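# Coordinates in review
Next come the chains, spelled out residue by residue.
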Amino acid sequence: MGEGRPGVAATLRALNGALGRSAALWVKENGARNLRHRDFLAPRAALSAAFPGGQVPPEAVSAVSSLRGPAVLPLRVCRQTPAGLAVQVRRPEAFQRLLGPLPDAAPPAAEARTGCVVLHCPALRSPAALRPRHLRSVLLADHLAQLLRAQGVSVHLVPALSEERSWDVLRQLRICWPSGSGGSSLTDADAVSALKAALGRCPCAAACEQGPGTAKGVICKVHLKSFVEQQGLLGYDPNLDVLLVTEGTLQSLAELQEAVLQCPVSDPMAPPASPFPSISCCSIVHVVNCEEEFQLQQLDVLWRILDPGAHTALQKHLVCGPVKVINPSSPIGADQYFQLRKRQMYEASVIKYGELAQDEAWTEVIDTLTVAAIRFEMLSTAHRSQITLDLENNSISTKGTKSGAFVMYNCARLATLFNTFQRAVEQGTYPPLPPASELNFSCLREEGEWLLLFNYLLPFPEVLQQAAQLPPPSKGIRITANTETVCKFLIQLSMDFSSYYNRVHILGEPFPHLFEQMFARLQLLGAVRDMFHSALATLHLPPLSQI
């Protein structure tokens, strides 16, 4: 059709423009009840504020009905209602544009995004065993890295995992994190030496007298508080004062320096005084749990002191709230947490599926369900909020509608549907699915079908973009990201898909007069399946073919 893929944001911009007002007057409807009558609404209160007496001029109403555009949904009617100005979409055409053959489109939005982000997760430097609170920040950084890459952003993960200790729990959770030295333009020793030289020139640094109470390996002490006050930096803990710098501290900074050096865009703003004048300009995001935020702030300020480049001024702190474990018999490690959830998932699967779940073929299924359960448990809550883990009760039951297991179950139902259809085609029961251009989407009249298209397939690209946004701090160094967006989207999608699938029989009797509707529904559900897969990929979760 050559009109491109419609989007929510573009349609809302066009609707607001048609009314000739700069204010955002229109909202997209989401609830099934309202969607029976309208798809977009300019509420009465907003119209009253924008137009005298809330009366929209007839020519503006006509302009809304005649809106056209490459990314604008086709509109059918615009009318005044008691709730406000209501618009309905021409639904068959909307189905066609979202499910039909793709036009010769411009490069996707993901290719338009450029830039580089260094994601730093200090939890992976901890010499002690990882605990659930550490796991939360690591899972969040891993998910955020996938979201950014999907938008065309180059991502570097720091620190590299030490080869001297076991990281089995990260491997079991399918966390993709680099290990060992990644190779760079400077050796670690050279980078540390450059930082030591910067320390020697630093007016905030002073020699540290070695005494009985001095920690081993201390190189010098640096007065952080005076620097923070002189620079007028906001958002730092008022208790920041003197930092005892060790070799390990400089190694941590050296690894951050190396990651920034790998960013592709040179920084013309790096001042000559910087010991690293050729360093790249990129955004540095420290993902840290709230209990270790103070130590991270110390590292942040020290880096600003030693390297006053533009990149260090772009540091952001994404702080995770606490992880509260209810009544643990003893402090629980991340590996124990994983094994506990895996045992609970196995027991829940046996209850639901009986002996089938005890088959060896189910080992991989239960592993994937466990990973999904933990990732959703850790990531479906806003990152700044507290998470409560009840380890005594099996809170990852396969029956809950808000769990990762429920999402994976519905993804598997789609796989089963298409496997069943394919076998029927091979047996000659059904003809193959025709090309999208030959399908009649006016057959899709069931309420749940519009819900799946309008609330999920239509806004999905924008959902991924919003989840990957790293807005600048409003004040200080902390940022808020929408890292829970994808999990919540998948949970709600699973609930609406499950409701539709339980209500509507997709593969009907093999009568030719029924094929038209069946094929249109299969095209819709094929797009839903692909959307599931794309969203799960940002969580490093493979789709299940059985459950």
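Residues numbered from 1 in each chain as written. Predicted model: local features only at pLDDT ≥ 70, side-chain atom pairs only at ≥ 80, totals over all residues. Heavy atoms only, no water.

Another point: the state of the cysteines. Tallied over the full model, the rule gives one disulfide. Covalent S-S linkage joins C116 and C263, the inter-sulfur distance amounting to 2.1 Å. Judged by the torsion about the S-S bond (-50°), the C116/C263 disulfide is left-handed. Linking C116 in strand β5 (residues 116-120) with C263 in the loop between α11 (247-261) and β10 (283-289), this pair joins segments that are 147 residues apart in sequence. This pair shows no difference in class: C116 is buried, exactly as C263 is. Left unpaired, C320 is separated from the closest cysteine sulfur, that of C121, by 7.8 Å. (Disulfide = S-S within 2.5 Å. Helix = DSSP H or I, 4+ residues; strand = E, 2+ residues; numbered from the N terminus. Buried < 20%, exposed > 50% of the residue type's maximum accessible area, 1.4 Å probe, protein only.)

In this section: the sheet that holds strand β2 (residues 40-43). What the four strands build is an open sheet, ordered β1-β2-β4-β3; its pairing is antiparallel. Taken across any chain shown, the strands that pair with only one partner, and hence form the sheet edges, are β1 (27-28) and β3 (75-81). (Pairing = 2+ DSSP bridges.)

Here we take up the pattern of salt bridges. Per the stated rule, a full pass over the model turns up 18 salt bridges. Its salt-bridge partner being R478, residue E293 comes within 2.7 Å of it at the nearest N-O pair. Here the residue E293 occupies a position in helix α12 (residues 293-306), and R478 occupies one in the loop between α18 (460-467) and α19 (485-503), the gap between them amounting to 185 residues. When its relative accessible area of 10% is taken as the criterion, E293 is described as buried. (Salt bridge = Lys/Arg side-chain N within 4 Å of Asp/Glu carboxyl O.)

Another aspect to go through is the pairing of β3. Inspection of the sheet shows β3 paired to strand β4 (residues 84-89) by six bridges, in the antiparallel sense. When the bridges of β4 are listed, C78 appears paired with V87. Counted along the chain from β3 to the antiparallel partner β4, the turn is two residues long.

Moving on to the nonpolar core. In terms of nonpolar packing, the biggest core is built from 139 residues, with L19, W26, L119, L170, L490 and L525 touching the most fellow members. Top contributing element to this core by residue count: helix α20 (residues 512-537), with 12 residues. Not counting chain neighbours up to four residues away, the residues in contact with W26 comprise L12, L15, N16, L19, F40, L41, A42, V64, C78, L85 and V87. Listed in part, the 35 residues of the second largest apolar core include A191, V222, Y236 and C282. (Core = buried A, V, L, I, M, F, W, Y, C linked by side-chain atoms within 4.5 Å. Contact = heavy atoms within 4.5 Å.)

Further remarks concern the environment of V260. Topologically, V260 is positioned in helix α11. Taking C-alpha positions, V260 is 8.1 Å from H156, a pair spaced 104 residues apart along the chain.

Per-residue confidence for the chain averages 87 on the pLDDT scale, and 88% of its residues sit at or above 70. This stretch, residues 182-186, has a pLDDT under 50; its non-local contacts, to residues over four places away or in other chains, come to eight contacts. In the predicted structure, residues 266-280 sits below a pLDDT of 50 and forms 36 contacts with residues beyond four places in sequence or in another chain. (pLDDT = per-residue confidence, 0-100.)

Further remarks concern the packing of aromatic side chains. Going through the model one piece at a time under the given rule, you end up with 11 aromatic pairs. Ring geometry for F497 against F532: centres 6.5 Å apart, planes inclined by 80°, an arrangement best described as edge-to-face. With a gap of 35 residues between them, F497 in helix α19 and F532 in helix α20 connect regions that are remote in the sequence. No difference in accessibility class separates F497 from F532, as the two residues are buried. (Phe/Tyr/Trp six-rings, centres within 6.5 Å; stacked < 30°, edge-to-face > 60°.)

A turn of α-helix holds 3.6 residues, and therefore any two residues three or four places apart point the same way. Between its first and last C-alpha, helix α15 (residues 362-379) extends 25 Å over 18 residues, near the 26 Å set by a 1.5 Å rise per residue. The buried fraction of α15 is high, at 16 of 18 residues. (Expected span 1.5 Å × (residues − 1).)

As a further point, take the sheet that holds β10. With parallel pairing, the four strands of this open sheet are ordered in space as β6-β5-β10-β11. Edge strands, defined here as strands with exactly one partner in the open sheet, are β6 (154-158) and β11 (315-320). Between one strand axis and the next, the sheet turns by 20° as a mean value, whatever way the strands run. Alignment of β10 against β11, held across six bridges, turns out to be parallel. (Axes fitted to C-alpha atoms, helices over the stretch in contact; angles between N-to-C directions.)

Put simply, α11 and α12 touch, their axes get as near as 11 Å, and they point 65° apart. Put simply, α11 runs roughly perpendicular to α12. In this structure, α11 meets α12 at a crossing whose hand is right-handed. Counting all contacts with α11, which are made through T249, L250, S252, L253, L256, Q257 and V260, the residues of α12 involved are L299, L302, W303 and L306. Tallied by class, the residues present in the contact of α11 with α12 amount to eight nonpolar, three polar and no charged. (Parallel < 35°, antiparallel > 145°, perpendicular 65-115°, else oblique. Left-handed = near helix turned anticlockwise from the far one by under 90°. Nonpolar A, V, L, I, M, F, W, Y, C, P; charged D, E, K, R; others polar.)

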